[in-house]
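Each chain is listed here by its residues.
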Amino acid sequence: MPDELEGEFVLKEKKEAENEPSPTTPSEASAVKNLQKIHFLSSLAKYPADVIFENQEEDEEIILLVRRDLITNVPWLIAALVLIFIPPLISIFSYLFTPFFNFSADTLLVAELFYYLIIIGYIIIQYTLWYFNVGLVTNKRVVDLDLPGILFKHVSETKLNIIEDVSYNQVGSIRSVFDYGDVYVQTAGTEENFMFDRAPEPALVTRIIADLIGGPR
């Protein structure tokens, strides 16, 4: 009887082990292990979670998500802050020089509301242009999504097996201090070359792409 129970127990363990899902390839195992959650300020993510793109194949996994480095948003943020403080300065100026600025309180209120509405729109547009200018590196291809304007989108892609070389350029003290630069992906023949503009950690991005094109495909 104990031998029969032991045999039944071993058989049950084997069935449970067979039913357990297991990664079919090393890349899938790595993706599960290193899955990285991203947020609305993420500029670089390896194996990003909950990210898909148009025309993504079923067995295609995103290895790298790249946006311009977050520090590149500082110029337009400073401009927005300066614009925000202009109405209070105008109010002080008009208070000191009343004969030259004799407007009613209602007129000033409407003007300020309209002005701040424009600033909010400016901030939303600048953030949208940064957020949706994104590069993706998958186990099959490189995808570059450019959004030069709020109503214009340009998408280009290339297969990993036609990439000949990948390199990066990091010029200037600011780029060196904050560790961002331009990553260049050179393709074969007349195919379009790619550039990840002001990408964070360009050495890491270059090494990952180089490993992909250097390995078996």
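Residues numbered from 1 in each chain as written. Predicted model: local features only at pLDDT ≥ 70, side-chain atom pairs only at ≥ 80, totals over all residues. Heavy atoms only, no water.

> What exactly am I supposed to notice about the sheet that holds strand β7 (residues 180-187) here?
Strand pairing in a sheet takes place through backbone hydrogen bonds and is either antiparallel or parallel in direction. Reading across the sheet, the three strands line up as β6-β7-β8 and stay open at both edges, with antiparallel pairing between neighbours. One side of each edge strand has no neighbouring strand; the edge strands of this open sheet are β6 (163-169) and β8 (194-200). On average, each strand axis in the sheet is tilted by 20° relative to the strand beside it, whichever way the strands run. As defined by bridge partners, β7 adjoins β8 across five bridges and the pair is classed as antiparallel. Bridge pairing in β8 places Y180 opposite P200. Of the strands in this sheet, β6, β7 and β8 touch helix α7 (residues 202-214), which is tilted by about 170° from β6. (Pairing = 2+ DSSP bridges. Helix = DSSP H or I, 4+ residues; strand = E, 2+ residues; numbered from the N terminus. Axes fitted to C-alpha atoms, helices over the stretch in contact; angles between N-to-C directions. Contact = heavy atoms within 4.5 Å.)

> Looking at this structure, how should I read the nonpolar core?
The nonpolar side chains of a soluble globular protein tend to be buried, and buried together. Counting 19 residues, the largest nonpolar core has L64, V66, F196, V205 and I209 as its most contacted members. Elements represented by at least two residues in this core include exactly β2 (62-67), β6, β7, β8 and α7. No other element matches α7, which puts four residues into this core. Beyond its immediate stretch of four places on either side in the chain, L64 contacts L44, A45, K46, G135, L136, V137, V205 and I208. If you look at the next biggest cluster of nonpolar residues, it comprises nine residues, including V51, F53, I62 and V134. (Core = buried A, V, L, I, M, F, W, Y, C linked by side-chain atoms within 4.5 Å. Buried < 20%, exposed > 50% of the residue type's maximum accessible area, 1.4 Å probe, protein only.)

> What exactly am I supposed to notice about helix α5 (residues 105-132) here?
Since one α-helical turn is 3.6 residues long, residues separated by three or four positions face the same way. Its 28 residues give α5 an end-to-end C-alpha distance of 41 Å, which sits within 8% of 40 Å, the value for a rise of 1.5 Å per residue. The inward-facing, buried residues of α5 abut β2, α3 (74-84) and β4 (141-149). (Expected span 1.5 Å × (residues − 1).)

> What should I look at first to understand the pairing of β2 in this one?
Buried residues dominate β2, accounting for six of its six residues. As defined by bridge partners, strand β1 (residues 44-46) adjoins β2 across three bridges and the pair is classed as antiparallel. Considered in β2, the bridge of L44 is made with V66.

> Looking at this structure, I do not really get the sheet that holds β1. What am I missing?
Sheet architecture is open: five strands sit in the order β1-β2-β3-β4-β5, paired in antiparallel fashion. Unpaired on one side and paired on the other, β1 and β5 (152-159) mark the two borders of the sheet. In this sheet, adjacent strand axes meet at a mean angle of 10° when their direction is disregarded. In this sheet, strand β3 (residues 134-138) lies alongside β2 in antiparallel orientation, the contact comprising five bridges. Among the inter-strand pairings, L64 is bridged to a residue of β3, identified as V137. Docked against the sheet, α5 engages β2, β3 and β4, running at close to 165° with respect to β4.

> I tried to follow the confidence of the model for the chain on my own but got confused; where do I start?
When pLDDT drops low, the exact placement of atoms in the prediction is not to be read closely. For the chain, per-residue confidence averages 82 on the pLDDT scale, and residues scoring 70 or more make up 78% of the total. Within the model, pLDDT remains below 50 along residues 4-18, and this stretch shows zero contacts once partners closer than five positions in the same chain are excluded. (pLDDT = per-residue confidence, 0-100.)

> Could you clarify how one ought to interpret the layout of surface pockets in this entry?
Where empty space is left can be seen by rolling a probe of water-molecule size over the atoms. Its volume calculated, the largest pocket comes out at about 410 Å³. Listing elements by their share of the lining of the largest pocket, those giving two or more residues are β2, α5, β3, β4 and β5. The class makeup of the residues in the lining of the largest pocket is twelve nonpolar, two polar and four charged. (1 Å grid on protein atoms, 1.4 Å probe; cavity = no way out; pocket = protein on both sides within 12 Å on 5 of 7 lines; lining within 4 Å. Points joined across faces, edges and corners; volume = space filled by probe spheres on them. Nonpolar A, V, L, I, M, F, W, Y, C, P; charged D, E, K, R; others polar.)

> Would you explain the pairing of β4 in this entry?
Side chains on a regular strand alternate between the two faces of the sheet. When you tally the buried positions in β4, you get seven out of nine residues, the bulk of the element. With four bridges joining them, β3 and β4 adopt antiparallel strand pairing. Counted as the bridge partner of G135 is D144 from β4. Where β3 folds back onto β4 in an antiparallel hairpin, the turn is made up of two residues. If you look at the hairpin formed by β4 and β5, you'll find two residues sitting between the two strands.

> Quick question: what am I supposed to make of the packing of aromatic side chains here?
Two aromatic rings, taken as a pair, are described by how far apart their centres are and by the angle between their planes. Counted according to the given criterion, the structure contains five aromatic pairs. Ring geometry for W130 versus Y131: centroids 6.4 Å apart, planes at 55°, classification tilted. Owing to a relative accessible area of 0%, W130 belongs among the buried residues under this scheme. With relative accessibility at 24%, the residue Y131 sits in the partly exposed group. One aromatic cluster is present, formed by Y127, W130, Y131 and F132 through successive ring pairs. The ring of Y131 is capped by R67, whose NZ or CZ atom sits 3.9 Å from the centre of that ring. (Phe/Tyr/Trp six-rings, centres within 6.5 Å; stacked < 30°, edge-to-face > 60°. Lys NZ or Arg CZ within 6 Å of the ring centre and 35° of its normal.)

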